[in-house]
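Letter by letter, the chains look like this.
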Amino acid sequence: GGIPTSKNGGGGGLRRNNTSHHRMLQATEAANIKLIRKLSSINSAAKVVSYREMDEGAAITRHAKKRVQRMMHYDVSLRPFEATVILPQQRKQQSRQKSNYANGNSRISGLGDSGGGDSSSNNFRSFENFDAFASPNQQHQSLAQFQHKQEEDMISPPSSASSSPLGSPFMCTPKSFPPTPSSRQMVMARGTRFVEDVVFLARDQLRVQGALESSNERTRAMAQALREGRRLAVFNAADTGTGIALTCGQHVATKVGNVLYCSTRSMIPVLRNCFVYFEMSVMAPQPILNSNTTSNAAAAATMMMPASLATLSIGLSTLEMPLNTLVGAWKGSVGLCTTGQILSAGRWSSPLDPSLSSYGDGATVGCLACVDDHTAFETWDGVMVTASVTFNVNGTVISPPSSSSPAAGMELATGGLQSQQLPQVPSTGGPTLPLLVPMEEEIFPTLTLHSPTTQVMCRFSAEDIFAKSRASIGAPHGCPIYAIDGSVLFDMDE
């Protein structure tokens, strides 16, 4: 009436474990052989029996190693190695062929009979002692027969229709190629981005070199400072928040992260005691091609535009403003949002006509600023100077609300010190917005991106700016207007 046991105690359980283990081996072997058969139909493939990396010196030069790693999608070992593979049956005459893998040459040891013997039995000689659990002879013979049958199917020559790699879409696709469309787009555009960066960098350096010979003294001084400081009129990669990617020689900022607000500042600050103008253009979104279409006509008809609208803010800020903050929310900063509202030192205000100040994809926002050190005055927070700021959208000057008058803004910032004499704000000849900045701080053109995949290009040089008249930017007459890089946008006579 007891439970029957084997002679060796737990032998029954061991046999059951061995049976399940062999079934797993059979399933794994079948999947591997099926994969090799599929790869062989595309290009020549063989099963790897052993793989060993050598501890010798570097197989390639350091320069060549950098070039290889630049083009690879993932890190791979570049050390010499020795691999042993089973060649297909149609190549058994060369089964003993070996060559050293060094500097691009592979060392391969093929298993098989180079003579007229049975290649199948030799091919599986390395698998005779595959069972590590001392299974019964019947199960071992069954596994060997299964492997032998599957291997014969694998090494049989494929048909002429399937053996041609030209008809396969996977002919030139490496295993490490990114699987998602967005990641594939980033990899495929890597070479293009590199070329664009080089071209933009060469252009910017030539501009600095040409500015050294300018007839304007301020332009020459700025170019000399840029050359000595190795700086350019672009977005500063070291002063860019996480979630923003800089391309086109750091002229284009793209929102790529999930952070709510991502900000970036220019590499050089706004010149003081003069009028400085810059622009930023919101780039139109790229249309998305519907992948379900097959013909070009159907693809053109199913071009889809991204559903989300661009939301961002363009303005000025000091280095004190964190990069995860909306420009204008911090003291000493001001920004014009896509909604048409102006955020200055944490205070929201709506222009007189918000329909003219709102902008979106394809719009160009300009900012005219003048930091005048002669307007310095003391407050509870230290010595402040006044910067007059004028925004325009596509050549239309934005009129700030009356509550943003210079006197009202400075009275609030001075903490109600009515006995102090308020400084005279420099006149720009148009509607201005006052911004109080600590005298020891510099202000930088600043961009804050909110919506994903939004792209904005900076225009910090006079040659890139769209504005053609002083009236379109609200600039006064009788004084030169400079760009961020010190180039002259409008001379005194213009």
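Residues numbered from 1 in each chain as written. Predicted model: local features only at pLDDT ≥ 70, side-chain atom pairs only at ≥ 80, totals over all residues. Heavy atoms only, no water.

Peer 1: Sorry if this is basic, but what is going on with the pairing of strand E2 (residues 81-86) here?
Peer 2: Successive side chains on a regular strand alternate, one facing one side of the sheet and the next facing the other. The buried fraction of E2 is high, at six of six residues. Residues of E2 alternate between two faces, with Phe 81, Ala 83 and Val 85 on one and Glu 82, Thr 84 and Ile 86 on the opposite face, all of them buried. Pairing of strand E1 (residues 47-53) with E2, which is carried by six bridges, proceeds in the antiparallel orientation. Each residue of the ladder has a partner; that of Glu 53, found in E2, is Phe 81. (Buried < 20%, exposed > 50% of the residue type's maximum accessible area, 1.4 Å probe, protein only. Helix = DSSP H or I, 4+ residues; strand = E, 2+ residues; numbered from the N terminus. Pairing = 2+ DSSP bridges.)

Peer 1: Please clarify how the packing of aromatic side chains should be interpreted in this entry.
Peer 2: Aromatic ring pairs: the centre-centre distance and the angle between the two ring planes describe each pair. Across all of its chains, the model carries three aromatic pairs by this definition. With centroids separated by 5.9 Å and ring planes inclined at 80°, the aromatic side chains of Phe 235 and Phe 460 adopt a geometry described as edge-to-face. Note that Phe 235 is positioned in strand E4 (residues 235-240) and Phe 460 in the loop between strand E18 (455-459) and strand E19 (481-482), a separation of 225 residues in sequence. Residue Phe 235 is classed as buried on the basis of its relative accessible area of 0%. The exposure class assigned to Phe 460 is buried, which follows from its relative accessible area of 2%. Taken together, the aromatic side chains of Phe 235, Phe 278 and Phe 460 make up a single cluster linked through ring pairs. (Phe/Tyr/Trp six-rings, centres within 6.5 Å; stacked < 30°, edge-to-face > 60°.)

Peer 1: I keep staring at the nonpolar core and nothing clicks. Help me out?
Peer 2: One broad rule of soluble globular proteins: the nonpolar side chains tend to lie buried together. Counting residues in hydrophobic clusters, the biggest one holds 52 residues, and the most contacted among them are Leu 312, Leu 316, Tyr 359 and Leu 447. Beyond its immediate chain neighbours, meaning those up to four positions away, Tyr 359 contacts Val 282, Leu 312, Ser 313, Ile 314, Leu 336, Cys 337, Thr 338, Val 365 and Val 393. Residues Ala 467, Ala 475, Ala 483 and Leu 489 belong to the second largest nonpolar core, which totals 14 residues. (Core = buried A, V, L, I, M, F, W, Y, C linked by side-chain atoms within 4.5 Å. Contact = heavy atoms within 4.5 Å.)

Peer 1: Would you explain empty space enclosed by the protein in this entry?
Peer 2: Empty space among the atoms becomes visible once a probe the size of a water molecule is rolled across them. Under the criterion given, the structure shown has three cavities of 30 Å³ or more. Each pocket or cavity is described by its volume, and for the largest cavity that value is around 90 Å³. Taken together, Asp 204, Arg 207, Val 208, Leu 226, Leu 232, Ala 233, His 251, Phe 460, Ser 461, Asp 464 and Asp 485 make up the lining of the largest cavity. At three residues, the largest contribution of residues to the lining of the largest cavity is made by helix H7 (residues 190-211). When the residues that make up the lining of the largest cavity are grouped by side-chain class, the tally is five nonpolar, two polar and four charged. (1 Å grid on protein atoms, 1.4 Å probe; cavity = no way out; pocket = protein on both sides within 12 Å on 5 of 7 lines; lining within 4 Å. Points joined across faces, edges and corners; volume = space filled by probe spheres on them. Nonpolar A, V, L, I, M, F, W, Y, C, P; charged D, E, K, R; others polar.)

Peer 1: Is there a simple way to think about the sheet that holds strand E11 (residues 342-344) in this case?
Peer 2: One open sheet accounts for seven strands, arranged E4-E7-E17-E9-E10-E11-E12; its pairing is antiparallel. In this open sheet, the two edge strands, each paired with only one partner strand, are E4 and strand E12 (347-349). Going from strand to strand, the sheet's axes swing by 25° on average, the running direction of each strand aside. (Axes fitted to C-alpha atoms, helices over the stretch in contact; angles between N-to-C directions.)

Peer 1: Would you take a moment to explain a nonpolar patch on the surface for this structure?
Peer 2: A contiguous nonpolar surface patch, about 370 Å² in accessible area, is contributed by Phe 194, Val 195, Val 198 and Val 199. Position of Phe 194 among the secondary structure elements: in helix H7. (Patch = residues over 30% accessible without salt bridge, like charges linked within 9 Å, V, L, I, M, F, W, Y side chains within 5 Å. Areas by Shrake-Rupley, 256 points an atom, 1.4 Å probe, with all protein chains shown as cover. Salt bridge = Lys/Arg side-chain N within 4 Å of Asp/Glu carboxyl O.)

Peer 1: In this structure, what is going on with the side chain of His 251? I would like to understand it.
Peer 2: Looking at where His 251 falls in the secondary structure, it is placed in the loop between strand E5 (244-247) and strand E6 (252-255). In this structure His 251 comes out as buried when scored by relative accessible area, which is 4%. Setting aside anything within four residues of it in sequence, one finds His 251 in contact with Phe 200, Arg 203, Asp 204, Ala 233, Val 234, Phe 235, Val 456, Met 457 and Cys 458.

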